[in-house]
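Structural overview
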Amino acid sequence: MCGIIGIASNKPVSINIINSLKKLEYRGYDSAGLATLNNSQINEKKCSGRVDELEKILFKNPSEGNIGIGHVRWATHGVPNIINAHPHSSEKVSVVHNGIIENSDELKKDLEIKGFKFKSQTDTEVITLLVTQFLEKSEPLEAVFKTLRKLKGSFALGIIFKNFSDIIVGARRGSPLAVGYSNEENYLGSDSYALKSMTNKISYLDDGELCMLTKSDIAFYDVNLKKINKKIYTVSDDENISDKGDYKNFMSKEIFEQASTIKKCLNEYTDSIKKDINIYNFPIEPKQINKIILIGCGTAYHSCLVAKYWLEELTTIDVEIDIASEFRYRNIKFNPKNLYIFVSQSGETADTAAALDICKKNKVKTCSIVNVVESTIARSSDWVLPIHAGPEIGVASTKAFLGQLIVLYILSLKLSKVRGDIDKNKYDEYLRNLHKLPESIKNTFKLENEIQLMAKEFLDANGSMFLGRGSSFPIALEGALKLKELSYLHAEGYPAGEMKHGPLALIEEGLPVIVIAPKDKYYEKTLSNTQEVIARGGKIFFITDNKKRLLSTNIRYRLRVPRIDNLLSPLLLTIPLQLLAYHVALLKDCDIDKPRNLAKSVTVE
Ligand code: F6R
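What you see as residue numbers is a count from 1 along each chain, following the sequence as written. Given that the model is predicted, a residue must reach a pLDDT of at least 70 before its local features are reported, and side-chain atom pairs must reach 80 or more before they are shown or counted; all residues, however, enter totals for whole chains, interfaces and linings. The side-chain figures draw on all heavy atoms in the structure; neither hydrogens nor water molecules are used.

With that out of the way, let us pick up the overall build of the protein chain. On a plain count of helices and strands, the protein chain comes out with 19 helices and 27 strands. The C-alpha radius of gyration of the protein chain comes to 25 Å, within 12% of the 25 Å expected for a compact globule of 605 residues. Dimensions of the protein chain, computed from the C-alpha atoms along their principal axes, are close to 80 × 55 × 45 Å. Exposure categories follow from relative accessible area, calculated using a 1.4 Å probe and restricted to protein chains: below 20% of the type maximum is buried, above 50% is exposed, and the middle band is partly exposed. Counting every position in the protein chain, which comprises 605 residues, the buried fraction comes to 61%. Long-range pairs, those at least 24 residues apart, make up 71% of the contacts in the protein chain between residues at least 6 apart in sequence. Under the scheme used here, helices are H or I runs from DSSP no shorter than 4 residues and strands are E runs no shorter than 2 residues, and both carry numbers assigned from the N terminus. Within these notes, the globule rule equals 2.2 Å times the number of residues to the 0.38 power, and the radius of gyration is based on C-alpha atoms. By definition, residues are in contact when any of their heavy atoms lie within 4.5 Å.

In structure tokens:
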């Protein structure tokens, strides 16, 4: 999850390293550092906390040098402090690392026996000292290669060498690493986003590969250190990517962008002349699909859960859903007639990528629904359906969730048509309804003032519950996840019908309970569950699209989202929950874009 940058140039690099680290901060933000090479000296600067701190240090005491590496950290081994911050340097090399070295304890013992001294608690320092040891008898590339053979776990590395003043060596196993090309400088980065302001020409290392870059040349090597060529991609040039505009933070910008991102996605996937959905080239002939298995983590997993309801409603296909970190270790019975769909905003989530890898090894067909089309997951799957949401910078996923939902809905609808599970009139009606979404999303934003008032009621709460039935159940899970990650308030999401099987014991006088109750086939049942909570003192926040008012003094707030086709209501019902989490966090003065302990791209297990 950490972020890595490396620049080899013909001019000083420290300012561009800082600028790239600012972009990479979404990957980790508990400490930061950089190392440059100048007159055969490694000049290392580190701080705990944010890149702004590092920038202040550099302002007072600039780092010279035309070659350098930088890092933002999301702590795995060792607390976030200056000593554990990267780079980790010896008298000969300086290393930045993303990932986890699983055999670091063992390697550390061996190195200590040989007389090496460790300064930090990190697993990374074993890499620094192994490379240092191998440099006694080897050139830099070979020393790194020998080091890699000792390492177990996942990593992306950037390394500079005191006595080789013009090279950076990069290597990858498990964690992503991109290489960027420009006229007078070359780059190494955890992702193309960090490099976009400097270049749009990118290559990606595959597992086990290494690269060596200078300001004028980039060479790639395979797992056996044989020179290879890599494809160069031209990455898309997204507008307004790092600009918050008039918004206080990226999250609010991203919430309010949702009407336009959904519109963009609809334009990409629907053909208004043919009145059809532009999805073709299914990796399995749709009528032959036996089962669909949807896999993701966190918010992406919630979108899989919603899609299960849609696929079951619209098609005759059997559907399963799985959390990637569970899927990858289970004894799955793979079937070539099944389609395995991976949902991921970043396309880099380690567990999701590993689950996809297992599918590939078992020779089954895979599809990925991603926001980053150049990502590892997209590049590894048989079929890619982009969500076209544009870069999402706020750590808590908002517009990407709605983007994932809309693509999953469009896919379900198209499958139902091509399999003959739906008649033409119904299909046309569903398609027409889809185009009402952007306007309905805009109208849902009008609830913000009420939600702001509602948020105050959460300030003294000790916890909260989110309840829903049917496709509102995953929306309840998503609402609870948003509230806990942003405001650090405990929140439980539950199927409303499960309350009586245990969680009802948590209800006490004044506990905020958010009930998500669109006017669908579950509505009356959800009302009964709501009454059970009211009877036990729960303070209800009722979110519905039903015009009819409920009468009860315990209904503290009632929010009404616009009425839309029932299948699409999960998209609208999500928005008040995003805004609620946002406003509670704002009132509590939490760091909205960078909640504590989290990172945007989870590239460790
Ligand atoms: C929550 C959130 C996370 C991600 C999860 C998967 O707001 O953003 O739960 O959804 O880490 O990430 P991706 O979608 O990049 O695979």
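Here we take up the sheet that holds strand β19 (residues 318–323). Strand order in the open sheet formed by 5 strands is β19-β18-β20-β21-β22, and the pairing between neighbours is parallel. Every interior strand has two partners, whereas the edge strands, β19 and β22 (383–386), have only one. Sheet twist, expressed as the average angle between the axes of neighbouring strands with direction ignored, equals 20 degrees. By this definition, two strands are paired if DSSP reports at least two bridges between them. Two strands pair when backbone bridges link them, and strand β18 (residues 291–296) and strand β20 (residues 338–344) are joined in this way by 5 bridges, in the parallel orientation. Note on β20: the bridge partner recorded for Lys-291 is Asn-338. Angles here are taken between N-to-C directions and fall from 0 to 180 degrees, while the axes themselves are lines fitted to C-alpha atoms, restricted in helices to the stretch in contact.

On to the side chain of Glu-25, then. The topology assignment puts Glu-25 in the loop between α1 (14–24) and β2 (31–38). Polar side-chain contacts of Glu-25 include one of 2.9 Å to the backbone nitrogen of Val-51. Setting aside its immediate chain neighbours within four residues, Glu-25 contacts Arg-50, Val-51, Val-72 and Lys-594. Nitrogen and oxygen atoms within 3.5 Å of one another constitute a polar contact, given that in protein one can donate a hydrogen and the other can accept it, and given that sequence-neighbouring residues count only through two side-chain atoms.

Here we come to helix α5 (residues 140–150). Because an α-helix completes one turn every 3.6 residues, residues spaced three or four positions apart along the sequence face the same direction. Where α5 is concerned, the buried positions are Pro-140, Leu-141, Ala-143, Val-144, Phe-145, Thr-147 and Leu-148. On its buried side, α5 packs onto α4 (125–134), β7 (153–161), β8 (164–173), β12 (210–213) and β13 (218–221).

Time to look at the domain arrangement of the protein chain. Segment limits for the domains were obtained from an automatic or database-derived domain assignment. According to the domain assignment, the protein chain contains domain 1 (3–237), domain 2 (242–435) and domain 3 (446–587). Taking only C-alpha atoms into account, the centre of domain 1 sits 33 Å from that of domain 2. Each side of the interface is counted separately: domain 1 has 12 residues, and domain 2 has 7 residues. Buried area between domain 1 and domain 2, both sides added, is near 900 Å², and the carbon and sulfur share of it is 56%. Two parts placed together each lose some accessible area; with a 1.4 Å probe, that loss summed over both constitutes the buried area. The largest per-residue losses of area from domain 1 upon contact with domain 2 belong to Tyr-26, Tyr-193 and Tyr-204, which jointly make up 42% of the total buried on that side. The salt bridge definition used is simple: a Lys or Arg side-chain nitrogen within 4 Å of an Asp or Glu carboxyl oxygen. Summed over the shared surface of domain 1 and domain 2, the result is 1 salt bridge. Counting across the domain 1 and domain 2 interface gives 0 residue pairs in polar contact (both at pLDDT 80 or more).

Here we take up the pairing of β19. Where β18 meets β19, 6 bridges bridge the pair, whose relative direction is parallel. By the bridge assignment, Ile-293 is partnered in β19 with Glu-320. Crossover handedness is defined by viewing with both strands directed away from the observer: a clockwise path from the first strand over the helix to the second marks the crossover as right-handed. One crossover worth recording links β18 to the parallel β19 by way of helix α9 (residues 298–314), and it is right-handed.

One can describe the packing of α9 onto helix α17 (residues 472–487) by two numbers: an axis separation of 8 Å at closest approach and a directional angle of 165 degrees. Considering their axes alone, α9 and α17 lie roughly antiparallel with respect to each other. Relative to α17, the crossing made by α9 is left-handed. Each of Gly-298, Thr-299, His-302, Leu-305, Val-306 and Tyr-309 in α9 lies in contact with α17, whose residues at this interface are Phe-473, Pro-474, Ile-475, Leu-477, Glu-478, Leu-481 and Lys-482. Class assignment of the residues belonging to the contact of α9 with α17 gives a composition of 8 nonpolar, 3 polar and 2 charged. Roughly parallel means an angle under 35 degrees; roughly antiparallel means over 145; roughly perpendicular covers 65 to 115; every other angle is labelled oblique. When the near helix sits turned anticlockwise from the far one by under a right angle, the crossing is termed left-handed; a clockwise turn instead gives a right-handed crossing. Only Asp, Glu, Lys and Arg are considered charged in this grouping, and only Ala, Val, Leu, Ile, Met, Phe, Trp, Tyr, Cys and Pro are considered nonpolar; every other residue, Gly among them, is considered polar.

Bringing the site of the ligand into the picture now. Not every one of the 15 residues close to the ligand is listed here, only the nearest: Ser-344, Gln-345, Ser-346, Thr-349 and Glu-485. The backbone of Gln-345 places a nitrogen or oxygen atom 2.6 Å from an oxygen atom of the ligand. Contact between the ligand and Ser-346: an oxygen atom at 2.6 Å from a side-chain N or O atom of the residue. For the ligand, the accessible surface in isolation is 410 Å², of which the surrounding protein chains cover 89%. Of all the secondary-structure elements, those providing two or more residues to the shell around the ligand are α9 and α17. Split into classes, the residues belonging to the shell around the ligand amount to 6 nonpolar, 7 polar and 2 charged. Neighbouring residues are identified by heavy atoms, a residue being near a molecule or strand if any of them is within 4 Å of it. All accessible-area figures derive from a Shrake-Rupley calculation using a 1.4 Å probe, and residue coverage is judged against the displayed protein chains alone.

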